[in-house]
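# Structural overview
Here are the chains, one letter per residue:
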Amino acid sequence: QHFVYNSLNAIASLIRTDPARARELLVGFADLSRATDRPTHTPSTLAHELATVRNYLALEQARFGRRLRVEIDVATALLAAPVEPLRLLAVVRDAVQRDIEPRAQGGVLSVTARPADGGCVVTVTGGAGEPRVLVLTSHVTV
């Protein structure tokens, strides 16, 4: 719930100074809300989940400013990999909350995906925190 308030406050703070950015964030917030309302038994792909993560991170970057830097390195060939809905978002959010937010200097949130045994391995690292690893196989069980 704090995320909703923080996001809306970040958007509101940009309405007069950068209305185009405020609109972009508001659309991203709507897309993120829609994604979190999807049934969890509906299959998803890495591409779709990355779009949701990007919307989330755009809102957090508006809030944290220079304290949150993002690097996403995912090969196009891996974008069709099946992923449980919101699984990647949960991992990214945890990295932001536990590894970036508490640090005065913030940090870099990194999301990488590499091919592995018929699927891929997604690694999420926040600042100096421990990497979080998701192993995505060619099928998803939900």
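Use the structure listed above.
To keep things clear, this report deals only with the structure shown in the data block. Computed from a predicted structure; not experimentally measured.

## Examining a nonpolar patch on the surface
A cluster of nonpolar side chains, Val-4, Tyr-5, Leu-8 and Leu-26, forms an exposed patch at the surface whose accessible area comes to about 350 Å². Top contributing element to the nonpolar patch by residue count: helix H1 (residues 2-14), with 3 residues. On the secondary structure map, Val-4 appears in helix H1.

## Some thoughts on the pairing of strand E5 (residues 119-126)
Of all 8 residues making up E5, 6 are buried, and the element is well covered by its neighbours. Sheet topology note: the strand E4 (residues 107-116)/E5 ladder contains 8 bridges and is antiparallel. Across the sheet, Pro-115 pairs through a bridge with Cys-120, a residue of E5. Connecting E4 to the next strand, E5, in antiparallel fashion are 2 residues, including Asp-117 with a positive phi near 40°. Where E5 and strand E6 (residues 132-136) come together, 5 bridges link them in antiparallel fashion. Residue Val-122 lies in a different strand from E6, and its bridge partner there is Leu-134. From the end of E5 to the start of E6, which pair antiparallel, there are 5 residues, and Gly-127 there has a positive phi angle of about 55°.

## Notes on the packing of aromatic side chains
Within this structure, the stated rule accounts for 1 aromatic pair. With a centroid separation of 5.2 Å and an interplanar angle of 40°, the aromatic rings of Phe-3 and Tyr-56 are classed as tilted. Here Phe-3, found in helix H1, pairs with Tyr-56, found in helix H3 (residues 46-64); they are 53 residues apart in sequence, far enough to count as distant.

Reading guide: rules and limits
- Residues numbered from 1 in each chain as written.
- Predicted model: local features only at pLDDT ≥ 70, side-chain atom pairs only at ≥ 80, totals over all residues.
- Heavy atoms only, no water.
- Patch = residues over 30% accessible without salt bridge, like charges linked within 9 Å, V, L, I, M, F, W, Y side chains within 5 Å.
- Areas by Shrake-Rupley, 256 points an atom, 1.4 Å probe, with all protein chains shown as cover.
- Salt bridge = Lys/Arg side-chain N within 4 Å of Asp/Glu carboxyl O.
- Helix = DSSP H or I, 4+ residues; strand = E, 2+ residues; numbered from the N terminus.
- Buried < 20%, exposed > 50% of the residue type's maximum accessible area, 1.4 Å probe, protein only.
- Pairing = 2+ DSSP bridges.
- Phe/Tyr/Trp six-rings, centres within 6.5 Å; stacked < 30°, edge-to-face > 60°.

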